[in-house]
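Residue-level listing of the chains:
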Amino acid sequence: MVMKNFVKHFNEIEILDVPEVGGKNASLGEMFQKLTSKGVQVPDGFATTSDAYWLFLKEAHLKESIFREIEKLDKKDFSNLREVGNTIRTSIAKADFPQAIKISLEKGYNALVKKYGPEISLAVRSSATAEDLPNASFAGQQETYLNVRGFDELIAACHKCYASLFTDRAIKYREDNHFDQTKVALSIGVQLMVRSDLACSGVNFTIDPDTGFDQVVLVSSTWGLGENIVQGSVNPDEYFVFKPSIKKGIPRPIISRNLGSKEKTMIYDTSGSGTLNLDTKIEKQKQFVLNDSEVLKLAEWSMIIEDHYGRPMDIEWAKDGLTNELFIVQARPETVQSAKKDKLKITTFTLLEKGREITSGMGLGNKISAGKARIIHSPLESDKLLPGEILITEKTDPDWDPILKKAGGIITDQGGRTSHAAIVAREVGAAAIVGTLNATKTIKDGQDITISCAAGDTGIVYDGILKWEEKEVDTKTLKKPLTQPMLILADPEQAFKLSFYPTAGVGLMRLEFVINNSIQIHPMALKHFDTLKDPSGKERIEKLTHHYPDKADYFVHKLAEGIATIAAAFYPKDVIVRTSDFKSNEYANLIGGKEFEPIEANPMIGFRGASRYYHPKYQEAFEMECKAMKMVREDMGLNNVKIMIPFCRTLQEAKKVVDLMADYGLKRGENGLQLYMMTEIPNNVLLAEEFSTYFDGFSIGSNDLTQLTLGVDRDSELLSDIFDANDPGVKKMIDMVIASARKTNTKIGLCGQAPSDYPEFAQFLVEKGINSISFNPDALIEGIKNINMAENHKVSFGMAESSN
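Draft legend 1. Spatial organisation of the overall build of the protein chain. Each helix and strand counted, the protein chain has 30 helices and 30 strands in total. For the protein chain, the C-alpha radius of gyration of 30 Å lies close to 28 Å, the compact-globule estimate for 804 residues. Taken over 804 residues, the protein chain has a buried fraction of 58%. Restricting the contact set of the protein chain to residue pairs at least 6 apart, pairs at least 24 apart contribute 70%.

Structure below.
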C-alpha cells in the first residue's frame, strides 16, 4: 500500500492550487515555477496540503469541538473572542501530531538538506486556504516562525502553525470578511531561510498604497529580518521607482528616496533557534540599506510579478548576507487601493482652523479625524478603547486587529507606510499617523485631539477638536472644457493623490516649497560649505547632508526628486516648473543664507527672478537648479517637464538666461525642451511679441502683474482694497498679452485664484482666447465649473450674434 504524501514541492505547485496549499504557498510555487526563468529568484521549499490539516483534526478528534466553540462566538461585539480562541488553540496544542504527516514532512525536509546541506535554516509560514485572495489580504493573520533548525524544531513549528489558524485576530478577520470558519484549512510553507539577518529585507508595493497611483513601485527596506517592517517596529528607508522609465530603460528611474531611522535590527538568535531584535548602530541608521542597482532590480522583479498576476501586488523580499543575492519570499495581491471601484469620485478634507501642533509623522488615509486620545500599550487593554476614540500606541501587530476597527484613528510611535498599522488603517478606512517617534509621550490619555492627514504625506496631530469640511465631487459629472484646467502645485507629497483630478497637468510648480521644506539650505552655502563662517549653520548643514560627500549634490538630488515626483504623477501631461523665485529676504532665511544675500529695502522688486541667475552672487546656484532639471528630464526620463523663468525684466535678460541654460545642458528645442516665461511685469506685456522669440509659452502671474500695473504692494494691508485683478487696467494688460500671444502662436495661460472666485473673470479670460488656467487644488472644481459656464456663454453669445 502506497502511503499518501501530504506535501508538495514548490516545483509542483501553481496558483490554481490555492484550495490545496493556500494563497501564500500557491503564489510561491507559481513564481518558483514560472518566474525564475525571467530572473526572479525565489528560495526553494515545499508546502503541506490542506488534506494534512484535515487529517490532523480527524486523528485528534478536534473538528466537531472546534466548530462548537466557533458557534459560541458572540458575533455582535466579540466579547468572548479571547476565550473562544484560547480554548481552540489549547486543544490543538495538546493534540498529538499525526505520524503520516511527520513522514511527509521528513521527506520534504531531507530533499532540502540534500540540495543545500545539513546546516540549513528554515522559514515556516502559515497559509490559510482562503488566504491572500484578491478581496482580502489575510496579511499576518497566522504565525510565521523564522530560523527553524533541525527536523524536531520543524515539527514543533508546524504544530504551532496549525494552532495559529485560530488566533483571535484570524477568527475575527474571517468573520469580518464573511469566510466560512468551518471550511478554511491551513497549509504550512517550509522555505529555505535567506540570511537577511546578515544583510537586509523589505516590502514592495507595485502601487502607491496610500493613493492608488499605479505608475510607481514602492520599495521599503531595513537592516536584518523583514519582520520589523511588517510589524511596524522600524521606520524603513523608502524609494519610489517610476514604472514607465523602467520600461524605457532610463538609467535613473528612482524618483524619490527617504532615509528611515531603522532603529532596530532583527537577527538570528545564535544560541539556538528564533530571533533577537537589537538596537541598530548609529552609523547604519544613517546609511541607505540598498544601492540604486538593488532598488532597480527589486522594482523590475516587482513589475514582472505584477505583470504575471495581472494586478497590483504586495511583495516581501530578502537579501542574503552570505551571497549578497536578492530573493522574493512572498507575493500577495494588494487589496485596498486596487479594490476601489470609482477613483473618479474625489473627497477632499480641509481644516478650517489650526490648533497647537503636538506631534507629526507619516500621514495615511488623506482624511481628518478627531476624538479622545486613548493610550494603549497592549491588545490585552482593548476594553479601554471606546468606539470612535483615537488609538495611541508604540506599534501594532496582527494581535491588534480585533480592536482597530472601532478606532476613530490610529497613531503610532513606530512604523512606515508598509507596516502593519498602515496596512490595517487603509483596510478599515481610518486616518492614521505612523512613525511619530513620540506620540505616546506627547499626547495625554483622554486628551481631545484632531489628526489631519489631508495635506500630503505628513500627518499632524493637533490639540483639541478642530473644525473641518468634507466635499465629495464625482468628476464624471464635470464636462471637460476646451480651455485647459491645470494645477498650481508646490508640495510633492500631494502629487500622487492629485494625479486623479481632472486636469491637463501642472501649469505652475513652485520650487520654493521643496527648497524651503525638503532642502532647507541655501544652495550657495552648500556650494561653499568649506568656507562658511557660521559654525552653527555649518553644524546644521552637516546633520542634514551627512550622506553626501559633495554638499552641492544634496541640493541637486533633493530638488530633482521633488520635481520628479510631481512630473511622474502627471506624466505624460505637461508639468511647467518655475525656477526659484524667492526674494532676497526669503533666501536669507534658509540655513546659511545670510552670508550670501543682500539686505534690500524692497525685495519684492529687487534681486529676484531672472536677474539672479546670471549674477555672480547666484549663478553657481542656478547651475545647480539646471542640473536638477536636466537630471529629471534626461536621467529619470520625465521629459514632460517644461521650464519657466520668473520675473524676466528685459529682452537682454531673456537672452542671457536662455543662453546660460543652454551652456548648462538645457538648450531650448533639444529633447523637446520648451521654455516658458512668467508674464508678470508690464514690460513682458508691452514686448510680448519680442519675448516670444525666446520662449515657447507665457504664464500670466496675476498677483505680480496686478501689483506692478497698479503700483500696489500686494502684501500691504493698508492698500488691500485697491489690489484687484479685476481692475480695468489689469484686465487691459491681460487682454493685450493674450492678443500678442495668439498673434505669435505662443501658448498662454494664467495662474491665480480669481478665475475660481469670480465667474466673470473666467468668462473674460475665455472670451479673450486664453489656452489654460491654473488653479490651486482646492479651487480646481469650482474653476472648471466657471470655465464651462464661460465657454457655454461664449457659444450662446456667438450664436446670438450670428442670428442677428
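Draft legend 2. Inspection of the sheet that holds strand 1 (residues 7-9) at higher detail. An order of 1-2-5-3-4 is seen for the five strands of this open sheet, with the pairing classed as antiparallel. A strand with exactly one partner marks an edge of an open sheet, and here the two such strands are strand 1 and strand 4 (144-148). The mean inter-strand angle of the sheet, taken between neighbouring strand axes irrespective of direction, is 20°. Sheet analysis places strand 3 (residues 122-128) next to strand 4, joined by three bridges and oriented antiparallel.

Draft legend 3. Focus on the sheet that holds strand 27 (residues 675-679). One closed barrel accounts for eight strands, arranged 23-24-25-26-27-28-29-30; its pairing is parallel. Averaged over all neighbouring strand pairs, the angle between strand axes comes to 30°, with direction disregarded. Where strand 28 (residues 697-701) lies against strand 29 (residues 747-751), five bridges are found, and the strand directions are parallel. Note on strand 29: the bridge partner recorded for G701 is C751.

Draft legend 4. Local environment of the pattern of salt bridges. One pass over the structure, following the stated rule, counts 36 salt bridges. The salt bridge involving E512 is made with R578; its shortest N-O contact spans 3.0 Å. Of this pair, E512 sits in helix 16 (residues 512-519) while R578 sits in strand 25 (residues 574-578), and the two are 66 residues apart along the sequence. This pair shows no difference in class: E512 is buried, exactly as R578 is. Here E597 ties to R612 by a salt bridge, and the two come within 2.5 Å at their closest N and O atoms. Linking E597 in the loop between helix 20 (584-588) and helix 21 (610-613) with R612 in helix 21, this pair joins segments that are 15 residues apart in sequence.

Draft legend 5. Up close: the packing of aromatic side chains. Considering all chains together, one arrives at 17 aromatic pairs under this definition. On the basis of an interplanar angle of 55° and a centroid distance of 5.3 Å, the ring pair of Y587 and Y618 is categorised as tilted. Placement of Y587 in helix 20 and of Y618 in the loop between helix 21 and helix 22 (619-635) is noted, with a sequence separation of 31 residues between them. With respect to burial, Y587 and Y618 carry one shared label: buried. Ring-pair connections join several aromatic residues into one group, and the members of that group are Y53, W54, F56, F97 and Y162. K172 extends its terminal NZ or CZ atom over the ring of F78, reaching a point 5.1 Å from the ring centre. If you follow K731 out to its NZ or CZ, it ends over the ring of F764, 4.8 Å from the centre.

Draft legend 6. Expanded view of helix 23 (residues 651-663). With 13 residues, helix 23 should reach 18 Å at 1.5 Å per residue; the first-to-last C-alpha distance of 18 Å fits that figure. Those residues of helix 23 that sit buried are E653, A654, V657, V658, L660 and M661. Here the buried residues of helix 23 occupy an arc of 160° about the axis, which is enough to place them on one side. Among the exposed residues of helix 23, those oriented more than 90 degrees off its buried face are Q652 and D663. In the core, the buried residues of helix 23 are packed alongside helix 21, helix 22, strand 26 (641-645), strand 27 and helix 25 (688-691).

Draft legend 7. Quick peek at the packing of helix 3 (residues 63-71) against helix 4 (residues 81-94). Orientation of helix 3 relative to helix 4, taken along the N-to-C sense of each, is 170°, at an axis distance of 9 Å. It follows that helix 3 is roughly antiparallel to helix 4 by the angle criterion. Within the contact between the two elements, helix 3 uses I66, E69 and I70 and helix 4 uses V84, T87, I88 and I92. Of the residues that constitute the contact of helix 3 with helix 4, the class distribution is five nonpolar, one polar and one charged.

Draft legend 8. Quick peek at the packing of helix 27 (residues 728-743) against helix 29 (residues 759-768). Look at helix 27 against helix 29: their axes get within 10 Å of each other, and the N-to-C directions meet at 30°. Taken together, the axis directions place helix 27 and helix 29 in an arrangement best described as roughly parallel. The hand of the helix 27/helix 29 crossing is right-handed. In this structure, helix 27 contributes K731, I734, D735, I738 and R742 to the contact, and helix 29 contributes F761, F764, L765 and K768. Grouping the amino acids of the contact of helix 27 with helix 29 by side-chain chemistry returns five nonpolar, no polar and four charged.

Draft legend 9. Seen up close, the environment of V7. When you line up the elements, V7 lands in strand 1. Relative accessible area serves as the criterion here: at 4%, V7 is assigned to the buried category. Put simply, V7 and T458 are 451 residues apart on the chain and 47 Å apart in space, counted from C-alpha to C-alpha. Those residues in contact with V7 that lie beyond four places of it in its chain are F46, A47, T48, T49, S104 and L105.

Draft legend 10. Fine view of unusual backbone geometry. Cis geometry marks the peptide bond from Y571 to P572; its omega dihedral reads 5°. Secondary-structure assignment places P572 in the loop between helix 19 (551-570) and strand 25. The phi dihedral of L437 falls on the positive side, at around 75°, and the residue is not glycine. Of note, L437 is situated in the loop between strand 19 (431-434) and helix 14 (439-442). With phi around 45°, F647 is a residue other than glycine that occupies positive phi space. Relative to the helices and strands, F647 resides in the loop between strand 26 and helix 23.

Draft legend 11. Summary view of a nonpolar patch on the surface. On the surface, L718, L719 and I722 cluster together into a nonpolar patch covering about 310 Å² of accessible area. Of note, L719 is situated in the loop between helix 26 (702-710) and helix 27.

Draft legend 12. Just the environment of L278, in detail. Of note, L278 is situated in strand 11 (residues 275-279). Residue classification places L278 among the partly exposed residues on the basis of a relative accessible area of 39%. Put simply, L278 and V685 are 407 residues apart on the chain and 65 Å apart in space, counted from C-alpha to C-alpha. Those residues in contact with L278, other than ones at most four positions away along the chain, are E263, K264, T265 and I267.

Draft legend 13. Representation of the pairing of strand 17 (residues 390-393). The alternating pattern of strand 17 places I390 and I392 and L391 and T393 on opposite faces, both of which are buried. Pairing analysis gives three bridges linking strand 16 (residues 368-375) to strand 17, with the strands arranged parallel. Paired with I375 across the strands is I392, a residue of strand 17.

Draft legend 14. Focus on helix 29. When helix 29 is considered as a whole, its buried residues turn out to be F761, A762, F764, L765 and V766. One or two steps after helix 29, the chain reaches G769, where phi turns positive at roughly 90°.

Draft legend 15. Representation of the side chain of D210. In this fold, D210 is placed in the loop between strand 6 (200-205) and strand 7 (216-223). Not counting residues within four places of it along the chain, the set of residues in contact with D210 comprises Q337, L364, N366, R417 and R426.

Draft legend 16. Molecular detail of the environment of P492. Relative to the helices and strands, P492 resides in the loop between strand 23 (484-489) and helix 15 (495-498). Separated by 72 residues in sequence, P492 and A564 place their C-alpha atoms 8.6 Å apart.

Calculation notes
Residues numbered from 1 in each chain as written. Predicted model: local features only at pLDDT ≥ 70, side-chain atom pairs only at ≥ 80, totals over all residues. Heavy atoms only, no water. Helix = DSSP H or I, 4+ residues; strand = E, 2+ residues; numbered from the N terminus. Rg over C-alpha atoms; globule rule 2.2 N^0.38 Å. Buried < 20%, exposed > 50% of the residue type's maximum accessible area, 1.4 Å probe, protein only. Contact = heavy atoms within 4.5 Å. Pairing = 2+ DSSP bridges. Axes fitted to C-alpha atoms, helices over the stretch in contact; angles between N-to-C directions. Salt bridge = Lys/Arg side-chain N within 4 Å of Asp/Glu carboxyl O. Phe/Tyr/Trp six-rings, centres within 6.5 Å; stacked < 30°, edge-to-face > 60°. Lys NZ or Arg CZ within 6 Å of the ring centre and 35° of its normal. Expected span 1.5 Å × (residues − 1). Arc of directions from axis to C-beta. Parallel < 35°, antiparallel > 145°, perpendicular 65-115°, else oblique. Nonpolar A, V, L, I, M, F, W, Y, C, P; charged D, E, K, R; others polar. Left-handed = near helix turned anticlockwise from the far one by under 90°. Patch = residues over 30% accessible without salt bridge, like charges linked within 9 Å, V, L, I, M, F, W, Y side chains within 5 Å. Areas by Shrake-Rupley, 256 points an atom, 1.4 Å probe, with all protein chains shown as cover.

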